[in-house]
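Residue-level structure breakdown
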Amino acid sequence: MAKFSGAFDVKESPPWQNCCYCSASSPSSLSAASSSLLSGLRQQQQNQQSLAFKSPADFVRHLRQQHCTVEGGSFVCRYGYNGVCASLPLDGVSDRDYEMHVQRCHVNQQQKESQIKWSVFSAAQNLPAVLNDPSRGKQTTFFTKKWGDAFVDQPSAIGTAPQLPDIKWDHFDFYLKRIGKRYRVHTRICKTALPSGSSQNQQQPAVSDRLPTGAIANLKDIPEVFLKHNLELHRPASFAAVFPGISYDGEQAKQSSRMLQEKLSNYLDIVEVLIAKQVAEKSSAFFHAMTSQDAIMEQMQEAVQHVARLRSRLKQIDESIVRESLQIISLERTRSNNTLVLERLRLMATVHQTQPMIQLLLSTQDYVAALDLIGTTQEILSQELNGLHCFRHLPSQLSEMERLIDKMLTTDFERYSTADLNRPLSSEGQSERVLEEEKLVCIISGLLRKRSLDFVDTYKEEAITTIRAIVKQMVIEVLASGDAEVCLTGAGEEAQSLTLSEWIALLETATVALLKVLQRVRAVHDVMQQTADASAGKITDDVNFMDTEAFLSLEDYQVVQAKLANLLHSVCNYCHERCANLVSNQSLERSTVSADQIASLSEIVDRFSAGCERICGAQSGSLKLALRVQGSRFAQKFHMERKSKLALLLDSERWKQAEVPAEFQQMVENISKGNFQWTKTFDSSVSSPAPQSVLLADGKPYTLVGAALLLVQIVSEYCRCASQLPIIAPQLARNVIDLLRTFNSRSCQLVLGAGALHVAGLKIITSGNLALVSRALQFVLWILPHVRRHFQALEPNGTSSGSGTATFISGYDSVERDFVSHIKELENKVLAIVCDAVSGQLANWDARPPVPSQPFRNISRQFVKLHEAIAPILPDKQIATIYRVVHKNFKDKLREQLLRNNITNNGGPQHGTVVSELTFYMETLRTLKVLPEEELGEETLDDIWLK
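Computed from a prediction, not measured in an experiment: that's the story for all the values here.

1. Notes on the pattern of salt bridges
Summed over the entire model, instances satisfying the criterion amount to 18 salt bridges. A salt bridge links Arg335 to Glu332, with the shortest nitrogen-to-oxygen separation between them at 3.0 Å. Of this pair, Arg335 and Glu332 are both found in helix H12 (residues 293-352), three residues apart, which corresponds to roughly one turn of the helix. Judged by relative accessible area, Glu332 falls into the partly exposed class, the value being 37%. One salt bridge in this structure joins Arg788 and Asp813, with 2.6 Å as the shortest N-O distance. Residue Arg788 is found in helix H26 (residues 767-793), and its partner Asp813 is found in helix H27 (residues 803-843); the two are separated by 25 residues along the sequence. What emerges from the salt-bridge pattern is a single network uniting Arg64, Asp95 and Glu99.

2. Focus on unusual backbone geometry
Omega for the peptide link from Pro849 to Pro850 comes to 0°, which places this bond in the cis form. Looking at the secondary structure, you find Pro850 in the loop between H27 and helix H28 (854-870). Geometrically, the link from Val851 to Pro852 is a cis peptide bond, its omega value of 0° lying close to zero. At Trp655, a position not held by glycine, the phi torsion is positive, near 55°. Looking at the element boundaries, Trp655 is found in the loop between helix H21 (622-651) and helix H22 (662-672). Of note, Asp698 is a non-glycine position whose phi angle comes to about 55°, a positive value. With respect to the secondary-structure elements, Asp698 resides in the loop between strand E3 (695-697) and strand E4 (700-702).

3. Focus: the environment of Arg451
You can see Arg451 is positioned in the loop between helix H16 (437-449) and helix H17 (455-480). The spatial distance from the C-alpha of Arg451 to the C-alpha of Asp556 is 7.6 Å, given a sequence separation of 105 residues.

4. Thoughts on the pairing of strand E2 (residues 74-77)
Note: strand E1 (residues 68-71) against E2, four bridges, orientation antiparallel. In the sheet register, Cys68 faces E2, and the bridge partner there is Cys77. Linkage of E1 to E2, two consecutive antiparallel strands, is achieved through a turn of two residues, within which Gly72 is found at a positive phi near 65°.

5. Some thoughts on the packing of aromatic side chains
Under the counting rule described, the total for this entry stands at 15 aromatic pairs. On the numbers, 5.5 Å between centres and 20° between planes, the contact of Phe779 with Trp782 is stacked. Residue Phe779 and its partner Trp782 are both found in helix H26; the two are separated by three residues, about one turn of the helix. An identical accessibility class is assigned to Phe779 and Trp782; each is buried.

6. A closer look at a nonpolar patch on the surface
Side chains of Leu310, Leu314, Ile317, Ile321, Val322, Leu326 and Ile329 sit close together on the surface and give an oily, nonpolar patch of about 620 Å² of accessible area. Residue placement: Ile329 occurs in helix H12.

7. Describing the nonpolar core
Formed by 100 residues in total, the largest nonpolar core has its most connected members in Phe863 and Tyr883. At 13 residues, the largest contribution of residues to this core is made by H26. In contact with Phe863, other than residues within four places in its own chain, are Val834, Val838, Tyr883, Val886, Tyr921, Leu925 and Leu928.

8. Topic: helix H18 (residues 500-535)
Compared with the 52 Å implied by 1.5 Å per residue over 36 residues, the 52 Å span of H18 between its first and last C-alpha is a close match. Burial of H18 is extensive: 26 of the 36 residues sit out of reach of the surface. At the C-terminal side of H18, Gly537 shows a positive phi close to 85°.

9. Here's the deal with the packing of helix H29 (residues 876-901) against helix H30 (residues 909-928)
Remark: H29 packs on H30, axes separated minimally by 13 Å, with the N-to-C direction vectors making an angle of 175°. When the axis of H29 is compared with that of H30, the two are roughly antiparallel. The segment H29 lies against H30, with Tyr883, His887, Phe890, Leu894 and Leu898 engaging Val914, Leu918, Tyr921, Met922, Leu925 and Leu928. Here the contact of H29 with H30 is composed, by residue class, of 10 nonpolar, one polar and no charged.

10. Considering the side chain of Gln897
The residue Gln897 is located in helix H29 in this model. Non-local contacts of Gln897, meaning those with residues more than four positions away in its chain, are made with Leu842, Ala843 and Trp845.

11. A few points about the state of the cysteines
A complete count under the given rule lists zero disulfides for this structure. Note on Cys68: no disulfide assigned, nearest cysteine sulfur contributed by Cys77 at a separation of 7.0 Å. Residue class for Cys68 comes out buried when judged on its relative accessible area of 12%.

The rules behind these values
Residues numbered from 1 in each chain as written. Predicted model: local features only at pLDDT ≥ 70, side-chain atom pairs only at ≥ 80, totals over all residues. Heavy atoms only, no water. Salt bridge = Lys/Arg side-chain N within 4 Å of Asp/Glu carboxyl O. Helix = DSSP H or I, 4+ residues; strand = E, 2+ residues; numbered from the N terminus. Buried < 20%, exposed > 50% of the residue type's maximum accessible area, 1.4 Å probe, protein only. Pairing = 2+ DSSP bridges. Phe/Tyr/Trp six-rings, centres within 6.5 Å; stacked < 30°, edge-to-face > 60°. Patch = residues over 30% accessible without salt bridge, like charges linked within 9 Å, V, L, I, M, F, W, Y side chains within 5 Å. Areas by Shrake-Rupley, 256 points an atom, 1.4 Å probe, with all protein chains shown as cover. Core = buried A, V, L, I, M, F, W, Y, C linked by side-chain atoms within 4.5 Å. Contact = heavy atoms within 4.5 Å. Expected span 1.5 Å × (residues − 1). Axes fitted to C-alpha atoms, helices over the stretch in contact; angles between N-to-C directions. Parallel < 35°, antiparallel > 145°, perpendicular 65-115°, else oblique. Nonpolar A, V, L, I, M, F, W, Y, C, P; charged D, E, K, R; others polar. Disulfide = S-S within 2.5 Å.

Such coordinate-based values are descriptive only and should not be taken to indicate function.
So, in structure tokens, the structure goes:
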């Protein structure tokens, strides 16, 4: 809604009839509120309106009484918001000026302002603001033309809030019934207490609080300095506040004195009027107190009599009942004290027997009971027997004895560890048992009771020292059996001067001894674990721990658990490290080692690792890593020897067909079955089968050179070594790839690159040489899948998963691609030789007698020589492919020659000569039987003629 800046031009009441700043309720409205709740709510709205006056004089009187304050004889107008007049805010004026101010500013001026007429310019909101009021919704009259028909007002009813209850008039019945009766009594009392008269007279008190000047006495008009409980006039500040202007001279001093006297007289009048008013208001209470004084005295006399009688009765009760009961309580307390003294004496006697009992327990090695007794005694001395002079030295003696027991436990445990670990090892087949198990349980229990948890680390160090001594002693014994003088290292593991067999025997003996030591450590570990479980309250089945009391806390138990787990792991790792040093110090480069010896070494390592894992429950990789390093050295040496051997054989190879011994044929047959474990099984009493000219693989003949046969044998050795030593199988697989690449690259250099002319002394590289190399590469491609499957089967999981296996497979795929590419190059080389010869002959050919001409005879002779060279070596399918390419090349070159000589199939003499030549050519191909019959028909030569 819009707000307005003026008033409507309607008939209104005069401005002096209402007080705009008073909102007091009249007695009539209060009496009406007791009739009903509805009338009370209506009267509440009326109470918010101003008071009504009959004349301007009443209004002026009201302003003087309610909205005016007198400060030092000056009148301050308070008629306005927050008690501040807009026309005379804070200035004080005289009585006459105040009257003129009220008539001018609050009567006449207010009446003039009320006569302002309202107009459209008085509105506080403009038209666009009213039209764009978001609370009114969409309009349907003028704006639908601009905004569309859908812009309509959608009034929506506002429902009741679910959080608020539904209030009805019935809910106020109980309140009206309860309050109405009290309010009626209150109204009746107010009517009887106040004198009858007008409403204004009823509001004034019986004693007037007006001053002689007519103003109302108010304590706030008096300065605060006069209201202090200690007015110190000797202070300058207080004196100046009480007597302002006393330092003036002349007439001004006299005027200041008169004003000060008037002020003080006014303050005195205010105080007297307020005191009189207060006395008048409390006079009824004073008279009531005086009249009730006699009654109070009578009541006090009765109270004194009652107190006297009560005291006499309490005295009788004290003499007859209370004193005897208190005497019984005192006797009972005396008996309790005597009993307590007796118990203390018995306790002192028991404590006195503590030291002999501790000595007795220590003699039976019951350290836990002795420590418990010391702890209990110290607790009794500190709590129950504290301050006794006879036991003043006993706490220090018990502490000293406790330290002695701690030292005894540590010493006994060290002695036990040394004796247990250094006793002779048991013979083969006997299990290691704990030495004096009961003594060990007592010592460990005492250490746990003292919370000396370092005993596990002590035993671990002793075990490591024992293992070091055992290994060193074994090396000394082995070296002492020889003649060489060797200076041992600090660890006693200098064994490089030993032979390979002695070195393997030393390693086997050391692993057996260390396994027995580990079994002994595991037995002691189990006893420690059971003792810790029983001390922590864990359930155990051992009869030795059935009656053990739980004294180990959960935190200490967890620490012991961690230390025991670390004990086994540390000792096993140290054993592996010592054996790994034995393995690593042996240099295989200076000795000839076989795969069987490496297999024996691997078997020893696997057996020791399995035993350690069975004892400790965890694996250690140091010894296996050392074995893998030695295996890698062996594999590297194995590979370099065979690679050098293959290189020397290739350099001396004459690239001629070699005979195939019977054992090679048997080896290939076993390889085709997936078995590389081949050994020569021919009986010496029976003559060996004669060598064959070709090698049969899956029924296919392979004509090979000696280097190819040796390559098959070397690859078979790699596979057998990998089966015997799976630990180096991945490295051997990579070595096989390297060996095959060496064979492929070196054969390519020697044959295609003509390196054999300088190395092996060949005069020329013939088609037969190229065919033999191609056939050898084809045989390697045949054996390659068998080798791949063999190495894949040696993987740990038998699968081809893992990055190493993926690299290994990709290596074999790369080798296979290289071999196929090399075979294709060899085939292209043969084709290039033949095609160059054919091109040279056809370049000198002309269609003239005699027929067949010499070039065609040379071409036929070249075909026959090629067939004689490759037919015994290459398969028929490959030979047919070569001759098919040669035949196609012949037709292309002949077509070019016919085009050059301008010879066409016109039936002329030259055409007849060409036909005769071609007949001779085709007869040669039919004689060689290198192509199918359907490719040797006369119609196959029709494409040499230009259409």
